[in-house]
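# Coordinates in review
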Amino acid sequence: MGVMLSLNGKTFDSGELEARGIFIPGLQGFIEPGVKHSYKLAQDAQPTLITTSNAGIPAYMTNYVDPKVIEVLVTPMKAAEIVGGEIRKGNWTTTTEQFSVVESVGEVSTYGDFNENGTVGTNINWVYRDSYLFQTFTQWGELELERAGEARIDLAARLQIASALVLNKFQNKSYFFGISGLRNYGLLNDPSLFSPISPAAGTWATLDAAAIYTDIQRLYKQLIVQTKGLIEASTPMTLALSPTSETNLTKTNIYNVNVYDQLKKNFPNMRIISAVEYATDSGELVQLIANAIDGQETAEVAFNEKMRAHPVGVGASNYKQKKTGGTWGCVIKQPTAIAQLLGV
């Protein structure tokens, strides 16, 4: 047997090729003459391994790291939007706010040339609110900063974003619920608010569009009663409720008109804003707020310090920074201009 060759997918013996006139000088085989007749050698192409059997590569070499950072979502912060914006009062050294409530009083009497009856006056009360300062720390080490950088993550910047978000979330919560133990109240728990009315026929999830619209009409009527007729249907108002309750406003009546359409037609200047805080422990709450009465705003959310960044503290191989905020909660100036419906 000569040397075996493979050409174009066919196997030939060199002796056979020579017989056909094909001669390749210097052609050699690498099988010992004594065993070239045995086919066992062809089945022993791979000798016994001295390393661990492995036909792959390190898994990290086929791993793709997406450069886009996916941020965990947080619930919307709607308190300032509901009352029409937030305002700064004082600064971080301010501990107490006081504002005056002035009431005009007087009486008339029958006219007479020499009568001196009838008089007018004014009654002034002072209302107080307390501020509340809160803080959080941002801290990072040199090694963790470098390691995060290997993953293309700007850790220091992400921590700054987190600190701003944490302060803002707490600020928004204080606008809704105030601070316990202080004269600092929220839009949902101010003691001056009128007690809420109850739905006429049950929860909105079980009611049709007509019944839901009737409940909102009742809420508007309650607002009329509280304000003694100071508002009307065209008055700019805000209907505040939870996202779950808001979905029921899409229900339609027998004329294929949904609750949104009815509200827009009958209350042309009404805004509808949803916030998760209206899903309270006592049930789904709805507030109808007249934005202002006679040019005086109904409520305002206020802070004395939005975010104060203190100096960065430098350690042996780490850094930290304190950030401070301050809140007055929600100052309700016209509690009669807020009607409430609980249990929808």
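Structure report, in brief. (Residues numbered from 1 in each chain as written. Predicted model: local features only at pLDDT ≥ 70, side-chain atom pairs only at ≥ 80, totals over all residues. Heavy atoms only, no water.)

This part takes up the overall build of the protein. Within the protein, the secondary structure is distributed over seven helices and 18 strands. Residue burial in the protein is summarised as follows: out of 344 residues, 32% are buried. Considering only residue pairs separated by 6 or more positions, the protein has 73% of its internal contacts joining residues 24 or more positions apart. (Helix = DSSP H or I, 4+ residues; strand = E, 2+ residues; numbered from the N terminus. Buried < 20%, exposed > 50% of the residue type's maximum accessible area, 1.4 Å probe, protein only. Contact = heavy atoms within 4.5 Å.)

Side chains that differ in charge, positive against negative, can pair when their charged atoms come close. For the structure shown, the criterion picks out eleven salt bridges. E71 serves as the salt-bridge partner of R158, at 3.2 Å between the closest nitrogen and oxygen. With a gap of 87 residues between them, R158 in helix α4 (residues 155-177) and E71 in the loop between α1 (14-19) and α2 (79-83) connect regions that are remote in the sequence. You can call E71 partly exposed: its relative accessible area is 48%. The salt bridge involving E300 is made with K89; its shortest N-O contact spans 2.9 Å. A residue pair is termed long-range when its members are at least 10 positions apart, and E300 in strand β13 (residues 299-303) and K89 in the loop between β3 (86-88) and β4 (96-107) qualify at 211 residues. Given a relative accessible area of 8%, E300 falls into the buried group. Here the salt bridges do not stand alone but share partners, grouping K89, E97, E297, E300 and K333 into one network. (Salt bridge = Lys/Arg side-chain N within 4 Å of Asp/Glu carboxyl O.)

Further remarks concern unusual backbone geometry. Residues other than glycine seldom take positive phi values, yet K228 does so here, at roughly 55 degrees. For K228, the location among the structural elements is in the loop between α5 (209-227) and β7 (237-241). Residue K228 is classed as exposed on the basis of its relative accessible area, which comes to 73%. Positioned with a positive phi, N256 is a non-glycine residue whose angle comes to about 60 degrees. Inspection of the secondary structure puts N256 in the loop between α6 (243-247) and α7 (259-266).

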